[in-house]
Amino acid sequence: MSDPPAEGIAIAVSTPELIDEKTAVTVLEKDEAQINALGKNDRDSADAVIVTGADVAAHLLPMRDDFDPTLTFRAAILGSGLAAFLAVMTQIYTFKPTQISISGVFPVLVSYFIGNAWAKLLPRGDKFEARWRERYGQGRLPWWITIIKFVNPGPFGLKEHSISVITATAAGYVTDATSVFAAQKLFYDLPLSATTVILGIISIGLFGCGLCGFMRSFAVWDVEAVYWGSLPVVKTLQGLHWDRVENSKPLKDFWYAFTGMSLYEIFPAYIFPWLNSVSIPYLASQKATGNKGAILTNLFGGATANEGLGLFSLSFDWQYITSSSTAIPLKLVLHTFVGTGICAMVMIGIYFGNAWGSRSLPFMATNLLMVNGTKYPVREAFPGGLLDKSIIEKHGLPQVTGPLHLIGALILHCILFWRKDIWRVYQRAREGKHDDPHHTHMAKHYKDTPWWCFAGIIIVSFVLGLVVVIKENITLPVWAYLVSLAVGIFISPFSTILFARFGNGIATNNLSKMLAGLMLPGRPVGNMYFAAWSHNVVMSSVSVSTDLNLGEYLKIPPRIMLWTQMYGIILGGFINYAILSSIISANRDLLVEGNGNSSWSGATMQAFNTKAASWALAPYLYKIGAKYELIPIALAIGASAVVIHRSLYQIVPKIGRFDMSEINLPQFIQYAGNMSMQPQTCTILSGILCGLFIQGYLRNYHPRIFKDYSYIIAGAFDGGSLFVVFILSFAVYGAGGPSRPFPLWWGNNQEGHVDWCPVSK
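Residues numbered from 1 in each chain as written. Predicted model: local features only at pLDDT ≥ 70, side-chain atom pairs only at ≥ 80, totals over all residues. Heavy atoms only, no water.

K.L.:
Is there a simple way to think about the overall build of the chain in this case?
P.N.:
Helix and strand counts for the chain stand at 35 helices and four strands. For the chain, the residues scored as buried account for 58% of the 761 residues in total. On the chain, roughly 30700 Å² of surface is accessible, and the fraction owed to carbon and sulfur atoms is 65%. (Helix = DSSP H or I, 4+ residues; strand = E, 2+ residues; numbered from the N terminus. Buried < 20%, exposed > 50% of the residue type's maximum accessible area, 1.4 Å probe, protein only. Areas by Shrake-Rupley, 256 points an atom, 1.4 Å probe, with all protein chains shown as cover.)

K.L.:
Please explain the pattern of salt bridges as it appears in this structure.
P.N.:
Between side chains of opposite charge, pairing is possible as soon as their charged atoms come close. Evaluation of the coordinates by the stated rule reveals 11 salt bridges. Where R124 meets D126, a salt bridge forms, and the shortest distance between an N and an O atom there is 2.8 Å. In this structure R124 comes out as buried when scored by relative accessible area, which is 18%. E129 is the partner of K149 in a salt bridge, and the nearest nitrogen-oxygen pair spans 2.7 Å. Of this pair, K149 sits in helix α7 (residues 143-151) while E129 sits in helix α6 (residues 125-136), and the two are 20 residues apart along the sequence. Taking relative accessible area as the criterion, K149 reaches 31% and is therefore assigned partly exposed. By relative accessible area, which is 16% here, E129 ends up buried. (Salt bridge = Lys/Arg side-chain N within 4 Å of Asp/Glu carboxyl O.)

K.L.:
In this structure, what is going on with the packing of helix α5 (residues 105-121) against helix α35 (residues 703-733)? I would like to understand it.
P.N.:
A packed helix pair is summarised by two numbers, namely the angle formed by the two axes and the spacing between the axes. Put simply, α5 and α35 touch, their axes get as near as 8 Å, and they point 75° apart. It follows that α5 is roughly perpendicular to α35 by the angle criterion. Residues V105, F106 and L109 of α5 form the contact with α35, whose own contacting residues are G715, D718, G719, L722, F723 and F726. Looking at side-chain class alone, the contact of α5 with α35 contains six nonpolar, two polar and one charged residues. (Axes fitted to C-alpha atoms, helices over the stretch in contact; angles between N-to-C directions. Parallel < 35°, antiparallel > 145°, perpendicular 65-115°, else oblique. Contact = heavy atoms within 4.5 Å. Nonpolar A, V, L, I, M, F, W, Y, C, P; charged D, E, K, R; others polar.)

K.L.:
Sorry if this is basic, but what is going on with helix α10 (residues 194-212) here?
P.N.:
Two residues of an α-helix separated by three or four positions point the same way, owing to the 3.6 residues in each turn. If you check α10, its first and last C-alpha atoms are 27 Å apart, about what 19 residues at 1.5 Å a residue would give, namely 27 Å. Of all 19 residues that make up α10, 16 are buried, and the element is covered over most of its length. (Expected span 1.5 Å × (residues − 1).)

K.L.:
Honestly, the nonpolar core in this entry has me stumped. Any pointers?
P.N.:
One recurring pattern in soluble globular proteins is that nonpolar side chains are buried together. Membership of the largest hydrophobic core comes to 168 residues, with the highest contact counts inside it found for V56, F95, L231, L476, Y529 and W533. The contact partners of Y529, leaving out residues within four places of it in the chain, are V180, F181, Q184, L192, T196, I474 and L476. Residues Y282, L311, C343 and A344 belong to the second largest nonpolar core, which totals 10 residues. (Core = buried A, V, L, I, M, F, W, Y, C linked by side-chain atoms within 4.5 Å.)

K.L.:
Got a minute to help me understand the packing of aromatic side chains in this structure?
P.N.:
One pair of aromatic rings is described through two measures. These are the centre distance and the angle between the planes. Per the stated rule, a full pass over the model turns up 28 aromatic pairs. On the numbers, 5.6 Å between centres and 65° between planes, the contact of F490 with F494 is edge-to-face. Here the residue F490 and the residue F494 both occupy positions in helix α24 (residues 478-502), the gap between them amounting to four residues, near one helical turn. Overall, the relative accessible area of 49% leaves F490 in the partly exposed class. Chaining the aromatic ring pairs together yields one cluster made of Y112, F113, F254, W255, F258 and F723. (Phe/Tyr/Trp six-rings, centres within 6.5 Å; stacked < 30°, edge-to-face > 60°.)

K.L.:
Would you mind showing me how to read unusual backbone geometry here?
P.N.:
Leaving glycine aside, a negative phi is the common case for residues, and trans is the common case for peptide bonds. Although it is not a glycine, F67 adopts a positive phi angle of roughly 55°. With respect to the secondary-structure elements, F67 resides in the loop between α3 (53-60) and α4 (73-94). The class for F67 is buried, based on a relative accessible area of 2%. Within the chain, F312 stands out as a residue other than glycine whose phi angle is a positive 65°. Assignment of secondary structure puts F312 in the loop between α15 (290-300) and β2 (313-314). Judged by relative accessible area, F312 falls into the exposed class, the value being 56%.

K.L.:
Is there a simple way to think about the state of the cysteines in this case?
P.N.:
What is meant by a disulfide is a covalent connection between two cysteines, made through their sulfur atoms. Applying the stated criterion across every chain yields a total of zero disulfides. With no disulfide of its own, C209 lies closest to C212 among cysteine sulfurs, the gap being 7.0 Å. Exposure remark for C209: the relative accessible area of 1% places this residue in the buried category. (Disulfide = S-S within 2.5 Å.)

K.L.:
What is the right way to look at a nonpolar patch on the surface in this model?
P.N.:
On the surface, Y264, I266, F267 and F316 cluster together into a nonpolar patch covering about 340 Å² of accessible area. For F316, the position within the fold is in the loop between β2 and α16 (318-321). Exposure remark for F316: the relative accessible area of 42% places this residue in the partly exposed category. (Patch = residues over 30% accessible without salt bridge, like charges linked within 9 Å, V, L, I, M, F, W, Y side chains within 5 Å.)

If you want it as structure tokens, here you go:
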């Protein structure tokens with residue numbers, strides 16, 4: 001990136017967030033020299049290999065800060081509109097056959113186009129001010145120029161662009177928590193009020209926000225807290241505002257990649273969906289039928305929900321691969337690769353070895369099942385959200401398909417391997433010392449948010465949640481609400497640390513549901529709400545920390561960041577309720593069926609409800625001597641594995657050049673159960689291969705290309721693919737009216753599996 005212009009530095013004295021305006025100019029003169037030195041060092045180290053967070057701070061992300069306006073009327077309006085837009089898209093794809101993450105560069109590009117159009121098409125306040133001062137000199141501006149300047153102050157800047165995106169993402173911090181309300185509305189007779197949904201979402205989001213305030217020393221300010229998945233967003237924002245197409249090859253290639261992906265995505269997303277699941281093994285044996293065909297489908301099918309393992313299937317549809325596959329560190333890619341392979345072998349062994357009677361059930365399913373493989377009557381078994389034991393006597397115990405979850409390794413790994421690093425970072429933070437030069441710059445120039453602000457947020461969010469628990473019929477006792485929050489508070493630091501360092505946290509949803517099942521037997525709805533105020537608080541704190549780190553890299557004043565995130569969370573409560581209610585009301589009958597059709601599917605909600613209902617039956621299904629007793633025992637197995645790993649590390653710290661501490665068992669164990677929890681599996685291998693190419697080959701052997709292009713081109717692919725998917729959603733998918741499927745042909749086998757695996761009868 002180019003060095004900052006002198007006029008950009010001079011703007012600093014007008015920024016109210018500066019600590020001291022009189023000393024700011026002197027400090028900034030020093031900073032300009034430091035920034036220039038850093039820019040020279042960055043050019044000298046262009047071939048440096050990016051491995052650690054220190055490498056990212058030194059060689060990948062520039063220290064540039066133009067001190068441009070941050071919180072503007074334009075940013076607030078764009079952020080609010082973008083929040084509504086993303087809520088619509090996210091809720092739509094929650095109920096689609098294939099899950100898509102609407103995040104990253106896509107909202108960056110949407111707001112970029114709108115923000116620049118706003119700046120160019122509306123009267124510009126800075127131009128009117130310049131003309132007025134040229135004619136009349138200094139003095140108070142006329143009221144009409146003040147209004148124009150308020151509405152459209154000038155060029156669309158980096159920081160107000162960033163604020164609009166962060167507002168939108170904050171509205172989606174707890175989108176996953178809406179699964180609780182959707183499952184209640186779809187599968188149970190309990191009434192669901194607007195108060196429950198809106199206050200519940202706001203409570204969960206704000207609690208995670210307040211909690212993050214006390215974790216900033218190691219979750220945001222530490223140089224190793226990179227949040228790798230957000231780097232494409234940072235690089236794209238900086239490139240769009242700091243470079244010009246005519247003199248920047250990376251930015252020019254960004255637009256080429258965006259245009260090319262936009263044109264290409266029409267084929268796998270609509271015309272030629274077979275490209276999303278190219279199954280070479282099955283193409284070689286298309287004539288297989290009967291039992292042989294069913295086995296092949298179980299192993300190699302993966303184009304639709306719960307079809308099969310998708311072994312060796314390749315996806316050429318970027319909307320499912322995304323930059324999240326290429327931005328994460330190589331060590332996590334390798335953990336994904338090995339863990340997914342282990343998962344496939346375990347699932348094959350469980351099913352074909354007939355463990356837990358698996359051969360009498362579907363190979364993969366998201367429902368609670370009868371002994372004969374048909375769907376268990378969950379609504380009938382839990383009238384009013386409470387277990388009716390007579391239904392168990394009538395139909396017997398439900399059956400579940402047999403994934404193996406080992407979820408106990410997260411906390412022990414952080415304690416045994418990283419406790420010294422975390423304590424060191426915490427101690428340095430108390431002394432005001434930080435290893436991250438980006439935070440050093442922020443601490444020097446902007447006022448920090450005091451701790452009591454975060455404490456106040458926690459209190460308010462606690463009261464809002466308490467109102468829901470006491471006033472609404474959600475079958476969650478007050479004492480269980482307190483326990484769920486305690487679980488979220490305890491786990492959040494550990495999950496946030498893993499996400500910050502590896503680019504992926506740990507799915508604690510099963511742990512939350514297991515604890516709730518032990519404490520609240522026979523209450524599946526209460527189980528889901530327990531998970532909402534434990535697991536989803538963890539996810540909220542991770543999301544807030546990710547955006548706070550983004551703000552550090554983009555030099556957003558901390559206090560503005562906090563107000564932006566709070567506004568987005570509150571706005572998201574209202575928006576998500578409206579969209580969720582609309583979708584369920586229009587498609588209720590279809591969503592209750594797990595597989596749905598090619599346009600809508602309730603598989604995600606069905607899986608969510610199945611976990612809650614099965615853990616609500618923990619005294620019947622998971623106790624010692626019960627059919628599925630191994631699953632809760634797996635918690636201890638996972639924790640024991642970390643202890644064994646640490647003991648081996650003390651004896652053999654390295655094997656050749658490989659450091660044994662690089663093995664992260666929580667991540668490995670998570671991916672060792674990944675395929676069993678992912679309805680569509682055909683995209684897994686392509687994501688791993690893309691990650692191996694970018695992080696294993698390009699980063700190590702072509703570091704200059706990796707540094708200049710990998711994040712920004714992957715971001716362009718994200719933006720291009722999701723731009724087309726958005727248009728198709730309303731034009732032909734049925735999000736804005738009747739669906740218009742593409743005519744049937746060999747590459748669009750919508751009457752069966754698009755990968756041409758046989759459909760099980």
